[in-house]
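Chains, contacts and geometry: an overview
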Amino acid sequence: MHFKEIDYGNYRIYAGAIERTRAYGYVAAVVVMRLEQGRPHQEVFRDENMAGGYGWPSPAEALRHAVREGQRAVSSRSLQRPCGALVA
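Model, not experiment: these values are computed from the prediction. (Residues numbered from 1 in each chain as written. Predicted model: local features only at pLDDT ≥ 70, side-chain atom pairs only at ≥ 80, totals over all residues. Heavy atoms only, no water.)

Per the counting criterion, the structure on display carries seven salt bridges. Notably, a salt bridge pairs Arg-34 with Glu-36, separated by 3.1 Å at the nearest N-O pair. One salt bridge connects Arg-72 with Glu-69, and the closest N-O pair in it is separated by 2.3 Å. Within this pair, Arg-72 and its partner Glu-69 are both found in helix α1 (residues 59–78), separated by three residues, close to a single helical turn. A residue is classified by how much of its surface remains accessible, and Arg-72, at 49% relative accessible area, is partly exposed. Each of Glu-5, Asp-7 and Arg-12 takes part in a single network of salt bridges with overlapping partners. (Salt bridge = Lys/Arg side-chain N within 4 Å of Asp/Glu carboxyl O. Helix = DSSP H or I, 4+ residues; strand = E, 2+ residues; numbered from the N terminus. Buried < 20%, exposed > 50% of the residue type's maximum accessible area, 1.4 Å probe, protein only.)

Here the focus is the nonpolar core. Grouped together as the largest cluster of nonpolar side chains are 16 residues, with contacts concentrated most on Ala-28, Val-30, Val-32, Ala-62 and Ala-66. With five residues, the top contributor of residues to this core is α1. What Ala-28 contacts, discounting residues up to four positions off in sequence, is Gly-16, Asp-47, Glu-48, Asn-49, Met-50, Trp-56, Ala-62, His-65 and Ala-66. (Core = buried A, V, L, I, M, F, W, Y, C linked by side-chain atoms within 4.5 Å. Contact = heavy atoms within 4.5 Å.)

Here strand β1 (residues 2–8) pairs with strand β2 (residues 11–19) via seven bridges, running antiparallel. The residue of β2 that forms the bridge with Asp-7 is Arg-12. Hairpin connection of β1 to β2: two residues between the antiparallel strands, including Gly-9 at a positive phi of 65°. Sheet topology note: the β2/strand β3 (residues 26–34) ladder contains nine bridges and is antiparallel. Looking across to β3, one finds that Ile-18 is bridged to Val-27. (Pairing = 2+ DSSP bridges.)

Taken in spatial order, the four strands of this open sheet run β1-β2-β3-β4, and their pairing is antiparallel. Each having just a single partner strand, β1 and β4 (42–47) make up the two edges of the open sheet. Averaged over all adjacent pairs, the angle separating strand axes in this sheet is 15°, with direction ignored. (Axes fitted to C-alpha atoms, helices over the stretch in contact; angles between N-to-C directions.)

Let's shift gears to the packing of aromatic side chains. Considering all chains together, one arrives at one aromatic pair under this definition. Ring centres of Tyr-54 and Trp-56 lie 4.7 Å apart, and the angle between their planes is 80°; this geometry places the pair in the edge-to-face category. Overall, the relative accessible area of 44% leaves Tyr-54 in the partly exposed class. The exposure class assigned to Trp-56 is buried, which follows from its relative accessible area of 16%. (Phe/Tyr/Trp six-rings, centres within 6.5 Å; stacked < 30°, edge-to-face > 60°.)

Across the protein, the average pLDDT comes to 87, with 88% of residues at 70 or higher. This stretch, residues 81–88, has a pLDDT under 50; its non-local contacts, to residues over four places away or in other chains, come to eight contacts. (pLDDT = per-residue confidence, 0-100.)

Here it is as structure tokens:
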């Protein structure tokens, strides 16, 4: 297993590249947590089998994909109001 952790605004992205046991390559996984001062971190996005379990040829490529998808999840959340309505 290979891991990468990055802060992205008020969020922390945990990316993983997990070696496939019965096939070639690495599966990408990501968890995104919202960071709030004085409050427990809150999970806002998780995908443990990204791209349908596609086997990335290297851990670096799987991690890059996971981080990019985590950033997309954060960006799409920033377009929403707390109640979930989209901002015009």
